[in-house]
Amino acid sequence: GNHTLLTGFVLSGLSNHPEQQHLLFFTFCLIYTITISGNLLIFMATVHPTLRTPMYFFLRVLSFLDISTASIVVPKMLVNFLSEDRSISYMGCVTQLYCVIFLGATECYLLAAMAYDRYMAICNPLRYAIIMNSRVCLSLVLLSCCSGNVASVVQTAWVFALPICGPRKINYFFCDIPPLIALSCADTSSYEKQIIAATVLVIFTPFCLILVSYACIISSIMKISSAEGRQKTFSTCSSHLTVVTLYYASGTLIYLRPKASNSQDSKKVLALIYTTIIPTLNPMIYSLRNKEVKGVLTKIIAEL
């Protein structure tokens, strides 16, 4: 334990093949550039006076979370592609794990808040402006952050309380729960049950709230007499549903079986989805399927 505290860990990265490192570097450097620039554009667009509704407030927070998540994981991964020294300090690993869990859990709850916002806008349009006022929106975001912080503090403390024996090489491209508990020489069965319980609270609970919200939304949509009206209303929710499906599915598959050693490579792919791919897709999904955002983005780009 003292040795690990002093020397930290070594990240194996995505691939051990030297000939692939430069290709991976340029690929993820491009992805990271698109992620940052795309989310910054969405952030700038949703600050525009014409986009001051709750939906765009939540979208702005989502963009901030995506920028933060990518920035916690990708820069270190890029450095490791070109360096033989892939070490990460003990405190660096603790910080990275805390940030990844905090941002991920917060986004899970935020997506549920966004579903509730869509429910109120479609099912209660006359009371929408009164119910979803700025104080309620801010409270939902703060509640998401507080819940994410509690989940992150508890999980990070549990992981680093486990005794670590043998090689300190993490078979991953960042510090995450599954590869870290795989290093422990203690019986982690009770801890794995705690992870499953946390997964239920952080992923399944908000996901169930989303399902209830969209069941009500679909019921309201089906009552619209015009087929064009039904299609237009549902299109406002399809972007959110796409993000929810990708995000919750990848997180569930990773944390429900945290110590399944035969699936470490598949866990890397799933981790790439929610830490790298989804933050890149979010601005594309929301901007390409939303005429108001596209209109503001066109004005912003034209003024640059």
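Along every chain, residues carry numbers that run from 1 in the direction the sequence is written. The predicted nature of this model means local features are confined to residues of pLDDT at least 70 and side-chain atom pairs, given and counted, to a pLDDT of 80 or more, with totals for whole chains, interfaces and linings taken over all residues. As a convention, hydrogens and water are excluded, and side-chain values are obtained from all of the structure's heavy atoms.

Digging into the state of the cysteines
So, step 1. Our working definition of a disulfide is a cysteine sulfur pair at a distance within 2.5 Å. Evaluated as defined, the whole model comprises one disulfide.
So, step 2. Cys 93 shares a disulfide with Cys 175; S-S distance 2.0 Å. Between Cys 93 and Cys 175, the S-S dihedral sits near -120°, and the bridge is therefore left-handed. Within this pair, whereas Cys 93 is found in helix H4 (residues 90-123), its partner Cys 175 is found in the loop between strand S3 (169-170) and helix H7 (177-181), the two being separated by 82 residues in sequence. Neither residue differs from the other here; Cys 93 and Cys 175 are each classed as buried.
So, step 3. Here Cys 123 stays unpaired: no disulfide links it, and the sulfur of Cys 216, its closest cysteine neighbor, is 5.7 Å away.
So, step 4. No disulfide involves Cys 137; its sulfur sits 14 Å from that of Cys 145, the nearest cysteine.
So, step 5. Working definition: with a 1.4 Å probe on protein chains only, accessible area under 20% of the residue-type maximum means buried, over 50% means exposed, and in between means partly exposed. Cys 137 sits in the buried class, given a relative accessible area of 4%. Helix and strand definitions follow DSSP, with helices as H or I runs of at least four residues and strands as E runs of at least two, each counted in order from the N terminus.

Brief notes about a nonpolar patch on the surface
So, step 1. Residues with no salt bridge and a relative accessible area higher than 30% make up the patches, which join like charges within 9 Å and nonpolar side chains (Val, Leu, Ile, Met, Phe, Trp, Tyr) within 5 Å. In short, Shrake-Rupley with a 1.4 Å probe defines the accessible areas, and a residue's cover is counted only from the protein chains shown. Only one rule defines a salt bridge in this text: a Lys or Arg side-chain nitrogen within 4 Å of an Asp or Glu carboxyl oxygen. Taken together, the side chains of Ile 196, Val 200, Phe 204 and Leu 256 define a hydrophobic patch exposed on the protein surface, amounting to about 260 Å² of accessible area.
So, step 2. Tracing the backbone shows Val 200 in helix H8 (residues 189-222).
So, step 3. Take Val 200: its relative accessible area is 37%, and that puts it in the partly exposed class.

Thoughts on the environment of Met 132
So, step 1. Within the element layout of this structure, Met 132 appears in the loop between helix H5 (128-131) and helix H6 (134-161).
So, step 2. As a C-alpha pair, Met 132 and Met 120 span 12 residues in sequence and 7.8 Å in three-dimensional space.
So, step 3. Throughout, a residue-residue contact means that at least one pair of heavy atoms, one from each residue, lies within 4.5 Å. Look past the residues within four positions of Met 132 in its chain and what remains in contact with it is Pro 54, Phe 58, Tyr 116, Asp 117, Met 120, Cys 137 and Leu 140.

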